[in-house]
Amino acid sequence: GRENGKHISLCRLPAELFSLPWVRRDRSPVLLADYSDEEYACMRKFRLFFITVVALAFSLQMGPGNLRAQENRNKIVSLLKQGVEKGFNLDEKGAISEIAKASEIDKENPLPYAMLALTHLFFYETSFDETEKQKREESLMRAAEEAQARGEKRVERNPRDEDAYLGLAIARLSKNRY
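Residues numbered from 1 in each chain as written. Predicted model: local features only at pLDDT ≥ 70, side-chain atom pairs only at ≥ 80, totals over all residues. Heavy atoms only, no water.

(A) Representation of the packing of helix H5 (residues 130-157) against helix H6 (residues 162-177) in the model. At a minimum axis distance of 8 Å, the contact between H5 and H6 shows a crossing angle of 150 degrees. Put simply, H5 runs roughly antiparallel to H6. For the crossing formed where H5 meets H6, the hand is left-handed. Where H5 approaches H6, its residues Leu-140, Met-141, Ala-144, Glu-145, Ala-147, Gln-148, Gly-151, Glu-152, Arg-154 and Val-155 are matched on the opposing element by Asp-163, Ala-164, Tyr-165, Gly-167, Leu-168, Ala-171, Arg-172, Ser-174 and Lys-175. Here the contact of H5 with H6 is composed, by residue class, of nine nonpolar, four polar and six charged. (Axes fitted to C-alpha atoms, helices over the stretch in contact; angles between N-to-C directions. Helix = DSSP H or I, 4+ residues; strand = E, 2+ residues; numbered from the N terminus. Parallel < 35°, antiparallel > 145°, perpendicular 65-115°, else oblique. Left-handed = near helix turned anticlockwise from the far one by under 90°. Contact = heavy atoms within 4.5 Å. Nonpolar A, V, L, I, M, F, W, Y, C, P; charged D, E, K, R; others polar.)

So this is what it looks like as structure tokens:
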């Protein structure tokens, strides 16, 4: 809920989880209600990219056995990492460009499309202009639907395809967070 412009939560967050400027210097527990709207929005952005990085790290642990497919997968993961890094630096065009390059390597892989949807979601949440939000919303939905369609096709062909399931999960997460 919200009260007087502050977000209210019953949970308490230990301040040492965040090394961000609005954390109290004495490292005392902080209520979510103590954060302003701007700080709360920044926390949401941090949480979104944290989920992205964890998903990429998780995807590195899995992979197909075929050597050529593994090489392509490594290229895709490398480009996705570069895209996430550019997203962290708030370089929207650079992030989308790197992720688009990853989708060109294997057009059937849903993971780059899912990461593209997540990137559009991130920049949707960081924008203030309503026309920009509308454009990003359309791009987000288009990328999430692409990822979902490609993921479902890959699961039908190979029910043990980890990238397909990860892509489906990220696409659904992006659509649900929107």
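(B) How the structure looks around the packing of aromatic side chains. On inspection of all chains with the given rule, the structure shows one aromatic pair. Here the aromatic rings of Phe-122 and Phe-123 are separated by 5.0 Å at their centres, their planes lie at 80 degrees, and the arrangement is edge-to-face. Like Phe-123, Phe-122 is buried. (Phe/Tyr/Trp six-rings, centres within 6.5 Å; stacked < 30°, edge-to-face > 60°. Buried < 20%, exposed > 50% of the residue type's maximum accessible area, 1.4 Å probe, protein only.)

(C) Representation of the nonpolar core within the structure. Counting residues in each nonpolar core, the largest one holds 26 residues, and the members touching the most others are Leu-80, Met-115, Leu-118 and Ile-170. Of all the elements in the fold, those that place two or more residues in this core are helix H1 (37-60), helix H2 (67-88), helix H3 (92-105), helix H4 (110-126), H5 and H6. Element by element, the count of residues in this core is highest for H4, at ten residues. (Core = buried A, V, L, I, M, F, W, Y, C linked by side-chain atoms within 4.5 Å.)

(D) Looking closely at the side chain of Arg-154. Within the secondary structure, Arg-154 is located in helix H5. The class for Arg-154 is buried, based on a relative accessible area of 13%.

(E) Representation of H4 within the structure. Compared with the 24 Å implied by 1.5 Å per residue over 17 residues, the 25 Å span of H4 between its first and last C-alpha is a close match. In terms of burial, H4 is largely enclosed, as 17 of its 17 residues are buried. The N-terminus of H4 is capped by Asn-109, whose side-chain oxygen sits 3.0 Å from the backbone nitrogen of Leu-111. (Expected span 1.5 Å × (residues − 1). Polar contact = N/O pair within 3.5 Å; in protein donor to acceptor, adjacent residues only side chain to side chain.)

(F) Main features of the pattern of salt bridges. One pass over the structure, following the stated rule, counts eleven salt bridges. For Glu-132, the salt bridge is made with Arg-136, and the minimal N-O distance between the two is 3.6 Å. Here the residue Glu-132 and the residue Arg-136 both occupy positions in helix H5, the gap between them amounting to four residues, near one helical turn. Owing to a relative accessible area of 28%, Glu-132 belongs among the partly exposed residues under this scheme. Across the salt bridge formed by Asp-161 and Arg-154, the nearest N and O atoms sit 2.7 Å from each other. (Salt bridge = Lys/Arg side-chain N within 4 Å of Asp/Glu carboxyl O.)

(G) The arrangement of H6 in detail. With 16 residues, H6 should cover 22 Å at 1.5 Å per step; its first-to-last C-alpha distance of 22 Å lies within 8% of that length. Among all positions in H6, only Asp-163, Ala-164, Leu-166, Gly-167, Leu-168, Ile-170, Ala-171 and Ser-174 are buried. Of the residues that open H6, the one with a side-chain oxygen 3.1 Å from the backbone nitrogen of Asp-163 is Asp-161.

(H) How the structure looks around a nonpolar patch on the surface. The grouping of Phe-50, Ile-51 and Val-54 at the surface amounts to a nonpolar patch, some 260 Å² of accessible area in total. Examined against the element boundaries, Phe-50 turns out to sit in helix H1. (Patch = residues over 30% accessible without salt bridge, like charges linked within 9 Å, V, L, I, M, F, W, Y side chains within 5 Å. Areas by Shrake-Rupley, 256 points an atom, 1.4 Å probe, with all protein chains shown as cover.)

(I) Looking closely at the environment of Val-155. Position of Val-155 relative to the elements: it lies in helix H5. Looking at Val-155, the relative accessible area reads 19%, which means it is buried. Here the alpha-carbon distance between Val-155 and Tyr-165, two residues ten residues apart in the chain, equals 7.4 Å. Ignoring sequence-local partners within four residues, the contact set of Val-155 consists of Ala-164, Tyr-165 and Leu-168.

(J) Inspection of the confidence of the model for the chain at higher detail. For the chain, per-residue confidence averages 76 on the pLDDT scale, and 69% of positions sit at 70 or higher. Summarising per-element confidence for the chain, the mean pLDDT is lowest in strand E3 (residues 12-13) (43) and highest in H3 (92). Note that pLDDT drops below 50 for residues 6-23; the model gives that stretch 39 contacts with residues more than four away or on any other chain. (pLDDT = per-residue confidence, 0-100.)

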